[in-house]
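# Commentary on secondary and tertiary structure
Here is what each chain is made of, one letter per residue.
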Amino acid sequence: MRRAGRIALAALFVALAVGASLSSAQPTIYILKVSESQGWWTTPDLLVTRIREYLDNAAKDLGLTFNVEVIDSIEKWERLVNESPPNAVIINAHGELVPVPPKYGTDWQSFYRDLAMNIVYKGWVFVNPIGYGFYYVTYNYTRRPDGTWDWTFLTVGPAGLDTLGGWLGIVATAWPEAAGGTPKLTDLGKHVFDVLGYDMPDTANAPRPITTNVPASWYFYVLQSGNATAYSCVAFSIGKGALLWGGWAASPIEDQARVAVAMTLYYLFPSEIEAAQPKPKGLRPEQIILIAWGAAAAVMVLLLLRVLRRRS
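Parameters at a glance
Residues numbered from 1 in each chain as written. Predicted model: local features only at pLDDT ≥ 70, side-chain atom pairs only at ≥ 80, totals over all residues. Heavy atoms only, no water. Patch = residues over 30% accessible without salt bridge, like charges linked within 9 Å, V, L, I, M, F, W, Y side chains within 5 Å. Areas by Shrake-Rupley, 256 points an atom, 1.4 Å probe, with all protein chains shown as cover. Salt bridge = Lys/Arg side-chain N within 4 Å of Asp/Glu carboxyl O. Helix = DSSP H or I, 4+ residues; strand = E, 2+ residues; numbered from the N terminus. Buried < 20%, exposed > 50% of the residue type's maximum accessible area, 1.4 Å probe, protein only. Contact = heavy atoms within 4.5 Å. Pairing = 2+ DSSP bridges. Axes fitted to C-alpha atoms, helices over the stretch in contact; angles between N-to-C directions. Parallel < 35°, antiparallel > 145°, perpendicular 65-115°, else oblique. Left-handed = near helix turned anticlockwise from the far one by under 90°. Nonpolar A, V, L, I, M, F, W, Y, C, P; charged D, E, K, R; others polar.

Among the surface-exposed residues, Leu 302, Leu 304, Leu 305 and Leu 308 lie close enough to one another that they form a single nonpolar patch of about 390 Å² accessible area. Counting through the fold element by element, Leu 308 comes out in helix H9 (residues 285-311). Under the relative-accessibility criterion, Leu 308 is labelled partly exposed at 44%.

Take a look at the structure:
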């Protein structure tokens, strides 16, 4: 009996350990939306709402398990950078801008260096779905007497991506002239979007596709022109982590959210998404509006015909 009890107790400990391991293995997706900052080419508050809705829908439809946390203050962002938890997945909801934690003052270059080091050595995955990433910063955060923050907006231009890329060991530009055109949808991109139920264009609405000197791990849109290759919705594995780039336009925000979620989930769950069947697509808002207008017009025509018949 004692032996049976010990066996049962050991089995319980094993079950608890396995459960804890599975729980800790769940990835955490951090959405960067610092309230003491602003967006560029997007509206962060609205974008976060849509990203969370799409993440929730995908989790239910595909049985995916992950945690979601919104980094909604500059203090939380600084804490995350300081603690540098391994394998953090960060979706930047600020568009072409990245907030610089207060401890860096005006030294945005050192912040981009540390961000790159977290990607390389801590396995961070930084998802920048919109525009020319790292082009603007809000920095020089200082406390007001009432405890709120002052900060400064700065255009760093292509030097932002150059600085980050230098520490990542890549050379990159996001001007479309590098490849002379617009990337086209790939079979992989079509499958991922279909599985998630997203109606996305065959030609990327991405005026800032990325061209680099390193091979891509995967991509949803691509254009090859001579020696240059431009990508949209692409992943570059670097060290233990990755940089995911959308290059998407300033609108519509629905597609910005879809691009962010599609890249993030395919990075985290490639096997599950590749094995999944396409989801039946619902109507887009603009299609619903057209149908409603068409129905209203049809009703008006019928009423007009009825009136004409009565008069005749």
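Additional details are given in the paragraphs that follow.
Checked against the element boundaries, Ser 84 lands in the loop between helix H3 (74-83) and strand S3 (89-92). Exposure remark for Ser 84: the relative accessible area of 8% places this residue in the buried category. Those residues in contact with Ser 84, other than ones at most four positions away along the chain, are Asn 118, Lys 122 and Trp 124.

Let's shift gears to the pattern of salt bridges. Taken as a whole, this structure holds 10 salt bridges when the rule is applied. A salt bridge links Asp 114 to Arg 113; its shortest N-O distance comes to 3.0 Å.

Here the focus is the sheet that holds strand S6 (residues 136-143). Spatial ordering of the open sheet is given by S4-S6-S7, a layout of three strands whose pairing is mixed. Whereas interior strands pair on both sides, the edge strands pair on one side only; in this sheet they are strand S4 (97-99) and strand S7 (149-155). Recorded for the sheet is a direction-independent mean angle of 25° between the axes of neighbouring strands. The sheet contact formed by S6 and S7 spans six bridges and is antiparallel. The partner of Val 137 across the bridge, within S7, is Leu 154. Against the sheet, helix H4 (residues 108-122) contacts S4, S6 and S7, and its axis sits at roughly 110° relative to S6.

What follows deals with the packing of helix H2 (residues 44-62) against helix H7 (residues 253-268). For any two helices packed against each other, one specifies the crossing angle of their axes together with the interaxial distance. One can describe the packing of H2 onto H7 by two numbers: an axis separation of 9 Å at closest approach and a directional angle of 50°. Put simply, H2 runs oblique to H7. When you trace H2 past H7, the crossing you get is right-handed. Across the interface between the two elements, Leu 46, Leu 47, Arg 50, Ile 51, Tyr 54, Leu 55 and Ala 58 from H2 touch Ile 253, Glu 254, Gln 256, Ala 257, Arg 258, Ala 260, Val 261 and Leu 265 from H7. Class assignment for the residues of the contact of H2 with H7 results in 11 nonpolar, one polar and three charged.

Burial runs high along strand S5 (residues 125-130): six of the six residues are buried. Pairing of S3 with S5 involves three bridges; the strand directions are parallel. Counterpart to Ile 90 in the pairing with S5 is Phe 126. Relative to strand S13 (residues 241-248), S5 runs parallel, the two sharing five bridges. Paired with Val 127 across the bridge in S13 is Leu 244.

Once that is clear, we can look at the sheet that holds strand S2 (residues 67-71). With mixed pairing, eight strands are arranged side by side in an open sheet as S2-S1-S3-S5-S13-S12-S11-S9. Across the chains shown, the open sheet's two edge strands, defined by having one partner strand only, are S2 and strand S9 (184-185). Taken together, the four bridges between strand S1 (residues 28-32) and S3 define a ladder with parallel strand orientation. Residue pairing in the sheet places Ile 29 in a bridge with Val 89 of S3. Sitting on the sheet, H4 touches S5, strand S12 (228-238) and S13, and the angle it makes with S13 is about 120°. Contacts between H7 and the sheet are confined to S1, S3, S5, strand S11 (218-225), S12 and S13, with S13 contributing the most and set at about 155° to the helix.

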